[in-house]
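# Commentary on secondary and tertiary structure
Here's the letter readout for the chains.
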Amino acid sequence: MSAAIVGWAHTPFGKQDAETIESLIVRVTTDALVDAGITADQVDEIVLGHFNAGFSAQDFTASLVLQADPALRFKPATRVENACATGSAAVQQGVRTIKAGAAKIVLVVGVEQMTTTPGPEIGKNLLKASYLPEEGGTQGGFAGVFGGIAAAYFQRHGDQSDALAMIAAKNHKNGVDNPYAQMRKDLGFAFCREESEKNPYVAGPLKRTDCSLVSDGAAALVLADEETALTMRRAVGFRGTAHVQDFLPVSKRDILRFEGATRAWQQALAQAGVTLDDLSFVETHDCFTIAELLEYEAMGLTKEGDGARAIKEGWTQKDGKLPVNVSGGLKAKGHPIGATGVSMHVLSAMQLVGEAPEGMQLKDARLGGIFNMGGSAVANYVSVLERIK
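The notes below deal with the structure included here. Please read all numbers here as calculations on a predicted model, not as lab measurements.

### Concerning the overall build of the protein chain
Each helix and strand in the protein chain was counted, giving 13 helices and eleven strands. For 389 residues, the compact-globule formula gives about 21 Å, and the C-alpha radius of gyration of the protein chain, at 19 Å, lands near that figure. Viewed in the frame of its principal axes, the protein chain has a C-alpha envelope of about 55 × 45 × 40 Å. In the protein chain, 76% of the contacts between residues at least 6 apart in sequence involve partners at least 24 apart. Carbon and sulfur atoms provide 49% of the accessible area of the protein chain, an area that totals close to 14,400 Å². In the protein chain, 37 positive and 45 negative side-chain charges are present, and the distance between their average locations comes to 1 Å.

### A short note on the packing of helix α6 (residues 161–175) against helix α10 (residues 289–298)
α10 packs onto α6 with a crossing angle of 100° between their chain directions and a minimal axis gap of 9 Å. As far as their axial angle goes, α10 and α6 are roughly perpendicular. Judged by residue contacts, Ala163, Leu164, Ile167, Ala168, Lys170 and Asn171 of α6 engage Thr289, Ile290, Glu292, Leu293 and Tyr296 from α10.

### Side note on the pattern of salt bridges
Close approach of charged atoms allows side chains with opposite charge to pair. Per the stated rule, a full pass over the model turns up 14 salt bridges. The shortest N-O distance in the salt bridge between Asp59 and Arg79 comes to 2.4 Å. On the criterion of sequence distance, the pair formed by Asp59 in the loop between β2 (45–49) and β3 (77–80) and Arg79 in strand β3 is long-range, its members being 20 residues apart. Classification of Asp59 as partly exposed rests on a relative accessible area of 39%. Judged by relative accessible area, Arg79 falls into the partly exposed class, the value being 26%. Across the pair Arg257 and Glu304 runs a salt bridge, and its minimum N-O distance is 3.5 Å. Here the residue Arg257 occupies a position in the loop between β8 (236–245) and α9 (259–272), and Glu304 occupies one in the loop between α10 and α11 (308–312), the gap between them amounting to 47 residues.

### With respect to the nonpolar core
Judged by nonpolar contacts, the single largest core of 99 residues is most densely connected at Phe146 and Ile290. The contact partners of Phe146, leaving out residues within four places of it in the chain, are Leu206, Phe258, Cys287, Phe288, Ile290, Ala291, Met373, Gly375 and Ser376. Ile25, Leu66, Val109 and Ala218 belong to the second largest nonpolar core, which has 30 residues in total.

### With respect to the environment of Ala291
Counting through the fold element by element, Ala291 comes out in helix α10. Spatially, the C-alpha atoms of Ala291 and Arg73 are 41 Å apart, while their sequence positions differ by 218 residues. Excluding residues within four positions of it along the chain, Ala291 makes contact with Phe146, Phe258, His285 and Met373.

### Topic: the packing of aromatic side chains
For the structure shown, the criterion picks out two aromatic pairs. Each ring, one from Phe142 and one from Phe146, has its centre 5.6 Å from the other, and the planes form 50°; the classification is tilted. Here Phe142 and its partner Phe146 are both found in helix α5 (residues 141–157), four residues apart, which amounts to about one turn of the helix. Accessibility classification places Phe142 together with Phe146 in one group, the buried group. Where Phe146 meets Phe288, the ring centres are 4.9 Å apart and the plane angle is 25°; that geometry is what we call stacked. Taken together, the positions of Phe146 in helix α5 and Phe288 in the loop between β9 (281–283) and α10 put the pair 142 residues apart, joining distant regions of the chain. Both residues of the pair, Phe146 and Phe288, count as buried. The rings of Phe142, Phe146 and Phe288 are connected pair by pair, giving a single aromatic cluster.

### Comments concerning the sheet that holds strand β1 (residues 3–10)
Hydrogen bonds between backbone groups are what pair the strands of a sheet, and the pairing can be parallel or antiparallel. Strand order across the open sheet formed by nine strands is β3-β2-β4-β7-β1-β8-β11-β10-β9, with mixed pairing between neighbours. The open sheet has two edge strands, β3 and β9, and neither has a second partner. Here the strands of the sheet are splayed against their neighbours by 25° on average, with no regard to which way each runs. One ladder, built from seven bridges, connects β1 with strand β7 (residues 216–225); its direction is antiparallel. Its bridge partner lying in β7, Ala9 is registered against Ala220. Sitting on the sheet, α9 touches β8, β9, β10 (367–374) and β11 (379–387), and the angle it makes with β8 is about 150°.

### Remarks on the environment of Gln113
The residue Gln113 is located in strand β4 (residues 105–113) in this model. Residue classification places Gln113 among the buried residues on the basis of a relative accessible area of 8%. Counting along the chain gives 93 residues from Gln113 to Thr20, while the straight-line C-alpha distance between them is 7.2 Å. Contact partners of Gln113, with chain neighbours within four places excluded, come to Gln16, Glu19, Thr20, Ile21, Phe55, Ser215 and Asp216. At 3.3 Å, the side chain of Gln113 and the backbone oxygen of Gln16 are in polar contact. A polar contact of 2.9 Å, which involves the side chain of Gln113, links it to the backbone oxygen of Glu19.

Definitions and limits used
- Residues numbered from 1 in each chain as written.
- Predicted model: local features only at pLDDT ≥ 70, side-chain atom pairs only at ≥ 80, totals over all residues.
- Heavy atoms only, no water.
- Helix = DSSP H or I, 4+ residues; strand = E, 2+ residues; numbered from the N terminus.
- Rg over C-alpha atoms; globule rule 2.2 N^0.38 Å.
- Contact = heavy atoms within 4.5 Å.
- Areas by Shrake-Rupley, 256 points an atom, 1.4 Å probe, with all protein chains shown as cover.
- Lys, Arg positive; Asp, Glu negative; His and termini not counted.
- Charge placed at Lys NZ, Arg CZ, Asp CG, Glu CD.
- Axes fitted to C-alpha atoms, helices over the stretch in contact; angles between N-to-C directions.
- Parallel < 35°, antiparallel > 145°, perpendicular 65-115°, else oblique.
- Salt bridge = Lys/Arg side-chain N within 4 Å of Asp/Glu carboxyl O.
- Buried < 20%, exposed > 50% of the residue type's maximum accessible area, 1.4 Å probe, protein only.
- Core = buried A, V, L, I, M, F, W, Y, C linked by side-chain atoms within 4.5 Å.
- Phe/Tyr/Trp six-rings, centres within 6.5 Å; stacked < 30°, edge-to-face > 60°.
- Pairing = 2+ DSSP bridges.
- Polar contact = N/O pair within 3.5 Å; in protein donor to acceptor, adjacent residues only side chain to side chain.

Following this line, the structure appears as structure tokens:
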């Protein structure tokens, strides 16, 4: 029994001072049920993606979904976490529940509120997604981890500063058309390429424009089994899914190869019975621009060490052969950790049913690929989506 997305909701991402974890959850839960055309009593199970790690004083948040409607009381509700891939962990948990025949309708919610946390604490919380015995003292927090990855990549494959700036510029340009994005400003290549007072180096060769945004926000999906989904007004099916977990310590891996990501892509594409060339677009995890570059190689778009070719030759632009991060990605959209993977699925589903915002909608989008990553390619999730109604 396969699963499909039949409804969704998405808040704007950014600094949401008037919101709380609870209000964000309630908002998207209510809106997603309305969008799917169902009532709360029809939900069989709830999965909440919420990283937390100190961002919210309120932990144990699964039951906050019940605040949206009394009819959700007594439904099974579970919170899942897998670092920055928490949202996709929640989505795939819901998909597996439906495939197992344990539910017909699953509500999936992803949420995070990060901006109320003081700056030094943000870095400390994010570094919890690394292997603390070896990486806990990294200067610059998680940006320092990826700054080290970028420096090592430059040493092995040459200076890729131009390519990273082109990725940043692409995603910021795409983000202009995304009403949910935190930063809707076309910064341009020159600004992203040059160090300046407004774009200083943050860690290693990474500048501020190479780093995704600390953000607040939430997104939600209603999943249904295929039989139920085909009775709904529109449905987007999962052609393939994969989850590959790798070693946590960077020291136990060749960090420039993102092997877990490669395996996840291979498994999901094989399950879907398609190749990368068949995809209409990809939403990928650009927590840092070096991550998107490495993910070009991991997904098989280029050979190892040649990821820059994909951006320099325009392949991943909105009008390229494989548009990547038409939403603006984490770079422009923002990265409220628990919400990110759910957001990727929402925006991909919107593309596939022709409901993406004006300027963001691709023509004749038929198959979408999603890659959501936790840590430094530790938790690797891929989904291949296709409209089935």
